[in-house]
Amino acid sequence: MSDNQDLERIRQARKEWEEGPLKQSLDRFGIEESPHKVYTPLDAENHDFLEKVGFPGVPPYTRGLYPMPVPERATRGDARAPAGAYAGYGTVEDTRDLWRQQRRRGANVAFDLPTQCGYDSDDPMSRGEVGKVGIAVDTFRDFETLYEAFDGIVTLDNMSSNWTMNGMANVILAMYIALAEKKGVPQHKLRGTPQNAILKEIVARGTANFAINASMRMVRDTIVYVDKYMPQMNAISICGYHMREAGATAAQVTAYINANSIAYVQLGVDAGLDPDEFVPRHFTLLSGGGSMDFFMEIARIRASRRMWPQIMRQRFGSENPRAWFMRSTDHARVGNITTTRQRAINNVVRGVVGGIASALSGNDPVVAEEFDEPLGLGHSYEAEQLSLDASRILKDEAKLGQVLDPLAGSYYVESLTDQLEQEAWDIMKKIDDMGGAVEAVRTGWMEREIARSAYNFQRQVETGERVIVGVNKYTGENEIDITPRITLTVSHPYDVRKRAQAEEIQIAKLRRIRKERDNDRVKYALQDLQKAARDEKENLIPHLVATVKTYATWGEIANALRDVFGDYEPMTVL
């Protein structure tokens, strides 16, 4: 950026400034160190533009994965409930009816906790949770009912389906294949994405179903199967969002996403697949979450983009530029963890901060957080509208997004990006030394590190070192909270009464299916599934397709696999 003579002049000028005007100000205010930092070319002394920054859509991808965002004329626009928006509550009938009302053209399914954890709705472990944070799926019948939402609107081969399911992702995929077969749609025409990112489930959510090696085998089965039979289907949506919400720092989540991704790619490589083929076709990255640390989030997304091509080329010998970036919706954001129940309307401002960070890091301005996030399940239509309009105002009125990665070349941002990247590499080195991400998860190390960061964050909040407006500062009696007045007038897509009734209805439906089905067929299918599960080389997806067709229950399938694989036993986090 500057020759040695220029840098020496800047170094001398900085020294004179620090010993002169800056020292005078410090003495005047009676402090030893300025709370503000000033960056110069000295902080980016060895910065190589082409190596570190370059142009959008080409290596090193620092400035963006694509040469430009999708033009507005190519997007769908104004629908309040866009196709594929993440949703689901109560019984599948409740969600089906809502989706038909909204005229959805795609599915992005939220499942309740019993379904995520592999329990039937009438299992004692499910009590009080059925239909609460998503839909309950007990058998293939539920899955069939859910997709009635699209009858007469769109066919399976002309829509995409996303399922936020991890440990049992292959069972959902099997149901989709069975549904397509029933509707006469070849599986090679199906498009969709199971989340399937089991490692972050273990460290951040506790919803793992099976022992870790068996869980990774299930992910391998997905990769191999879709690569052979379903060219338009993603195998996995790698996600760091949950780890971030659990407490991981920006550097940690960057390292953990990459370490986990390496482990998933290795599954395909060990199965004999070419990473230059299956990674660009079947791997996606969802999100790394966010925080209110504005410039750090911009640096995180820039560093994350820059690290993956190095990983693919150096670790896997990739020669295909399409494999050097992970198809991703990730962008700088503040994350739902930053929203507060206290004075919740302030979350609109927090979301806008994230939208600006998104625009300044090479993406369109995306306000991804609704103000009523912490007030209960199901964003109100009004909250969704506010977030949507905030994104539009940033883009159309403030004209953010017209310049891609406008902070490129900033001494501070480039220095911070380099710093965060190096911190992430250092963490990955520790993970490599212990044998990779699977071992880091198996031993509880990754979970302990996240817990330690979460503790440090909470300690900073409680001591006031980290300010959260309306929570630990500016909470006097003269402060005004207008949120209660607003929440009394908003409208929600989810019917509270239906959600409350879901458990009773779902259990009655489940018991009726158990009586009506051919239980001998179920028994033999589960036995065949267990036999296949005992053979490490066998791909379980065809067996799961056969099993779900018998209307074996979700819990029966999970228990049959647990008997072979063993249940996941979490490490104690101290």
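All of these numbers come straight from a predicted model, not from anything done at the bench. (Residues numbered from 1 in each chain as written. Predicted model: local features only at pLDDT ≥ 70, side-chain atom pairs only at ≥ 80, totals over all residues. Heavy atoms only, no water.)

Another point: unusual backbone geometry. Geometrically, the link from Pro59 to Pro60 is a cis peptide bond, its omega value of 10° lying close to zero. Tracing the chain through its elements places Pro60 in the loop between α2 (49–52) and α3 (92–102). Of note in the backbone geometry, Tyr61 takes a positive phi value of approximately 65° without being a glycine. Secondary-structure assignment places Tyr61 in the loop between α2 and α3. A positive phi angle, near 65°, is found at Lys399, a position not held by glycine. (Helix = DSSP H or I, 4+ residues; strand = E, 2+ residues; numbered from the N terminus.)

On to the sheet that holds strand β6 (residues 327–328). Sheets are built from strands that pair by backbone hydrogen bonding, the pairs being arranged parallel or antiparallel. If you trace the three strands from one edge of the open sheet to the other, you get β4-β5-β6, paired in parallel fashion. Two strands in the sheet have a free side with no partner beyond their single neighbour: β4 (236–238) and β6. As paired strands, strand β5 (residues 283–285) and β6 are joined by two bridges and run parallel to one another. Of the residues in β6, the one forming a bridge with Thr284 is Arg327. Most of the contacts of helix α10 (residues 250–270) go to β4, to which it runs at about 155°, and overall it touches β4 and β5. Each of β4, β5 and β6 touches helix α11 (residues 275–282); the most contacted strand, β5, lies at about 50° to it. (Pairing = 2+ DSSP bridges. Contact = heavy atoms within 4.5 Å. Axes fitted to C-alpha atoms, helices over the stretch in contact; angles between N-to-C directions.)

What follows concerns helix α8 (residues 212–229). Three or four residues apart is the spacing at which side chains of an α-helix point the same way, because the helix has 3.6 residues per turn. For α8, with 18 residues, the first-to-last C-alpha span of 26 Å sits near the 26 Å given by 1.5 Å per residue. For α8, the buried fraction is high: 14 of the 18 residues fall into the buried class. (Expected span 1.5 Å × (residues − 1). Buried < 20%, exposed > 50% of the residue type's maximum accessible area, 1.4 Å probe, protein only.)

Only one face of strand β2 (residues 160–163) is covered, namely the one carrying Ser161 and Trp163; the face carrying Ser160 and Asn162 has none of its residues buried. Strand direction decides the pairing type here: strand β1 (residues 107–109) and β2, joined by three bridges, are parallel. In the strand pairing of β2, Ala107 is matched with Ser161. With four bridges joining them, β2 and strand β3 (residues 191–194) adopt parallel strand pairing. Pairing of Ser160 across the sheet is with Arg191, part of β3. Handedness of the crossover is the feature at issue here: the chain leaves β2, passes through helix α6 (residues 169–183), returns alongside β3, and the resulting connection is right-handed. (Right-handed = clockwise from strand over helix to strand, strands pointing away.)

So, on to the packing of α10 against helix α15 (residues 411–433). What describes two packed helices is the angle between their axes and the distance between those same axes. Contact pair α10 / α15: the axes reach a minimum separation of 8 Å and the direction vectors enclose 50°. Between α10 and α15, the interaxial angle falls into the category oblique. At the point where α10 passes α15, the crossing takes the right-handed sense. Taking contact as the criterion, the partners of Ala250, Ala251, Gln252, Thr254, Ala255, Tyr256, Asn258, Ala259 and Ile262 in α10 are, on α15, Leu420, Glu423, Ala424, Ile427, Met428 and Ile431. When the residues that make up the contact of α10 with α15 are grouped by side-chain class, the tally is eleven nonpolar, three polar and one charged. (Parallel < 35°, antiparallel > 145°, perpendicular 65-115°, else oblique. Left-handed = near helix turned anticlockwise from the far one by under 90°. Nonpolar A, V, L, I, M, F, W, Y, C, P; charged D, E, K, R; others polar.)

Once that is clear, we can look at the sheet that holds β1. In space, the three strands of this open sheet follow the order β1-β2-β3, with parallel pairing throughout. Each of the sheet's edge strands pairs with one partner strand only, and the pair in question is β1 and β3. With direction set aside, neighbouring strand axes in the sheet form an average angle of 5°. Sheet strands in contact with α6 are β2 and β3, and its direction is about 155° off that of β2.

Pairing between side chains of opposite charge can happen when the charged atoms of each approach one another. A complete count under the given rule lists 39 salt bridges for this structure. The salt bridge partner of Glu148 is Arg96, with a shortest N-O separation of 2.8 Å. One end of the pair, Glu148, is in the loop between α5 (140–146) and β2; the other, Arg96, is in helix α3, with 52 residues separating them in the sequence. Glu148 gets classed as partly exposed once you look at its relative accessible area, which sits at 33%. The exposure class of Arg96 is buried, given its relative accessible area of 17%. Members of the salt-bridge network, linked through shared partners, are Arg63, Arg302, Asp405 and Glu414. (Salt bridge = Lys/Arg side-chain N within 4 Å of Asp/Glu carboxyl O.)

Once that is clear, we can look at a nonpolar patch on the surface. Taken together, the side chains of Phe49, Leu50, Phe55 and Val58 present a nonpolar region at the surface, about 390 Å² in accessible area. Summarising the element assignment, Phe55 is placed in the loop between α2 and α3. By relative accessible area, which is 49% here, Phe55 ends up partly exposed. (Patch = residues over 30% accessible without salt bridge, like charges linked within 9 Å, V, L, I, M, F, W, Y side chains within 5 Å. Areas by Shrake-Rupley, 256 points an atom, 1.4 Å probe, with all protein chains shown as cover.)

It is worth spelling out the nonpolar core at this point. Where a protein is soluble and globular, its nonpolar side chains tend to be buried together. If you look at the biggest cluster of nonpolar residues, it comprises 118 residues, and the most contacted ones within it are Tyr147, Trp163, Leu199, Tyr264 and Phe283. Membership of the second largest hydrophobic core comes to seven residues, among which are Ile301, Ala357, Leu407 and Val413. (Core = buried A, V, L, I, M, F, W, Y, C linked by side-chain atoms within 4.5 Å.)

For the rest of this paragraph, the subject is the domain arrangement of the protein chain. Assigned domains of the protein chain: these are domain 1 (4–38) and domain 2 (83–185 + 540–567). On a C-alpha basis, the centroid separation for the pair domain 1 and domain 2 is 62 Å. (Domains from an automatic or database assignment.)

This next bit is on the environment of Phe278. Relative to the elements of secondary structure, Phe278 occurs in helix α11. In this structure the C-alpha to C-alpha distance between Phe278 and Leu526, which are 248 residues apart in sequence, comes to 31 Å. If we ignore the near neighbours within four places in the chain, the residues touching Phe278 are Ile223, Asp227, Val265, Gly268, Val269, Leu273 and Phe283.

Quick look at the side chain of Glu449 now. Position of Glu449 relative to the elements: it lies in helix α17 (residues 445–463). Polar side-chain contacts of Glu449 include one of 2.5 Å to the side chain of Arg452. Look past the residues within four positions of Glu449 in its chain and what remains in contact with it is Gln252 and Tyr256. (Polar contact = N/O pair within 3.5 Å; in protein donor to acceptor, adjacent residues only side chain to side chain.)

A full pass over the atoms with the stated rule returns 18 aromatic pairs. On the numbers, 6.3 Å between centres and 85° between planes, the contact of Phe143 with Tyr176 is edge-to-face. Of this pair, Phe143 sits in helix α5 while Tyr176 sits in helix α6, and the two are 33 residues apart along the sequence. The exposure class of Tyr176 is buried, given its relative accessible area of 0%. (Phe/Tyr/Trp six-rings, centres within 6.5 Å; stacked < 30°, edge-to-face > 60°.)

Now for α3. Buried residues of α3: Val92, Asp94, Thr95, Arg96, Leu98, Trp99 and Gln102, and no others. Looking at the buried positions of α3, the neighbouring elements they touch are β1, α5, α14 (381–397) and α19 (496–516). Positive backbone phi, at 55°, marks Arg103, one or two positions downstream of α3.

The next point concerns the environment of Met312. Following the sequence through the fold, Met312 ends up in helix α12 (residues 294–316). Exposure remark for Met312: the relative accessible area of 0% places this residue in the buried category. Separated by eleven residues in sequence, Met312 and Ala323 place their C-alpha atoms 7.1 Å apart. Setting aside anything within four residues of it in sequence, one finds Met312 in contact with Pro275, Val279, Gly317, Ser318, Ala323 and Trp324.

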